[in-house]
Amino acid sequence: MTLADDRRKWNERYQEKLAQGAVPEANPLALRFADRVRGGVLLDAACGLGAGIAALIGQVDRAIGVDLSESALRAARQCWGGHPKIQWIQADVARLAWPDGYFSAVCAFGFTDWTFLGRVCRLVRPGGVFFYQGFSRRQLEVKPTLDPNWTSTPETIAALFPRWRVLACDESETPPYRVQFAGQRPPDDSQEPEPCSG
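Values in this document were obtained by computation on a predicted structure and should not be read as measured data.

Draft legend 1. How the structure looks around the overall build of the protein. Secondary structure assignment for the protein yields seven helices and eight strands. Per-residue burial for the protein yields a buried fraction of 48% across its 198 residues. In the protein, once contacts between residues fewer than 6 apart in sequence are set aside, the share between residues at least 24 apart is 62%. Roughly 9600 Å² of accessible area belongs to the protein as shown, and the carbon and sulfur atoms make up 50% of that amount.

Draft legend 2. Spotlight on the nonpolar core. Of all hydrophobic cores here, the largest spans 28 residues; its most connected members are Leu43, Phe116, Phe130 and Phe161. Broken down by element, this core gets its largest block of residues, six residues, from helix 5 (residues 114–123). Other than its neighbours up to four places away in sequence, Phe161 contacts Leu117, Val120, Cys121, Phe130 and Phe181. Of all hydrophobic cores here, the second largest spans 26 residues; its members include Leu42, Val60, Ala63 and Trp80.

Draft legend 3. Local environment of the packing of aromatic side chains. Scanning the entire structure with this criterion turns up nine aromatic pairs. The interplanar angle of 55 degrees and the centroid separation of 4.7 Å between the aromatic rings of Phe161 and Trp164 together place this pair among those described as tilted. The class of Phe161 is buried, set by a relative accessible area of 2%. Above the face of the Tyr177 ring, Arg138 is positioned so that its terminal group lies 3.9 Å from the ring centre.

Draft legend 4. Spatial organisation of the pattern of salt bridges. Within this structure, the stated rule accounts for two salt bridges. Note that Asp100 is salt-bridged to Arg122, the shortest N-O span being 3.0 Å. Of the two residues, Asp100 is situated in the loop between strand 3 (86–90) and strand 4 (103–109) and Arg122 in helix 5; the sequence distance between them amounts to 22 residues. The class of Arg122 is partly exposed, set by a relative accessible area of 24%.

Draft legend 5. Geometry of helix 4 (residues 70–80). Listed in full, the buried residues belonging to helix 4 are Ser71, Ala72, Leu73, Ala75, Ala76 and Trp80. Measuring from the side-chain oxygen of the N-cap residue of helix 4 to the backbone nitrogen of Ser71 gives 3.2 Å; that N-cap residue is Ser69. Two residues or fewer past helix 4, Gly81 is found with a positive phi of approximately 55 degrees.

Draft legend 6. Quick look at the pairing of strand 3. Examined bridge by bridge, strand 2 (residues 62–67) and strand 3 share five bridges and lie parallel to one another. Paired with Val66 across the strands is Ile89, a residue of strand 3. Note on the crossover from strand 2 through helix 4 to strand 3: the handedness is right-handed.

Draft legend 7. Quick look at unusual backbone geometry. Pro175 connects to Pro176 through a cis peptide bond whose omega is -5 degrees. Tracing the backbone shows Pro176 in the loop between strand 7 (165–171) and strand 8 (178–184). The residue Ala46 is not glycine, and still its phi comes out positive at about 50 degrees. Considering the arrangement of structural elements, one finds Ala46 in the loop between strand 1 (41–45) and helix 3 (51–56). Accessibility expressed as a relative area gives 24% for Ala46, which makes it partly exposed.

The rules behind each value
Residues numbered from 1 in each chain as written. Predicted model: local features only at pLDDT ≥ 70, side-chain atom pairs only at ≥ 80, totals over all residues. Heavy atoms only, no water. Helix = DSSP H or I, 4+ residues; strand = E, 2+ residues; numbered from the N terminus. Buried < 20%, exposed > 50% of the residue type's maximum accessible area, 1.4 Å probe, protein only. Contact = heavy atoms within 4.5 Å. Areas by Shrake-Rupley, 256 points an atom, 1.4 Å probe, with all protein chains shown as cover. Core = buried A, V, L, I, M, F, W, Y, C linked by side-chain atoms within 4.5 Å. Phe/Tyr/Trp six-rings, centres within 6.5 Å; stacked < 30°, edge-to-face > 60°. Lys NZ or Arg CZ within 6 Å of the ring centre and 35° of its normal. Salt bridge = Lys/Arg side-chain N within 4 Å of Asp/Glu carboxyl O. Polar contact = N/O pair within 3.5 Å; in protein donor to acceptor, adjacent residues only side chain to side chain. Pairing = 2+ DSSP bridges. Right-handed = clockwise from strand over helix to strand, strands pointing away.

Here is the structure:
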């Protein structure tokens, strides 16, 4: 699937959601560990309506929601009504450059881009948190047409963060099969982050 095809697909989905009166729902994983996030900047990658922002906006100084879909961002802006702490960017988040340690928290819900995931350990500051939810490889049993590159296992996600404290790392037991991960970079991690691999 090309980037243009992906954008078109998400635009159609979010136009439907907007027509149905969708509102941002706080992601339960991020809510569960919200107390670990203190100040700084939140990145909600492939944000849609802002499930990560909805969970963590009270914990951060500023939030950046990035999505490829202009329809998603239009809906998000409408839902959030010009919230002063939120900046919306229409782009492929995997192609944006951010300084190392820039974010106090990064969320990637429903977004498994291995280039991006491989950079997260560098983007999160010491003491910061990363939240992830995406399709498990087991989902291919249910939906064989799913692109295998959009799937993961708890082990492949955890392996990206070898020195981090794992707060949650598991796989759902019923379809749709998903992996979820929450990890915290050690607060005293002043070492250069290890190169990540995906």
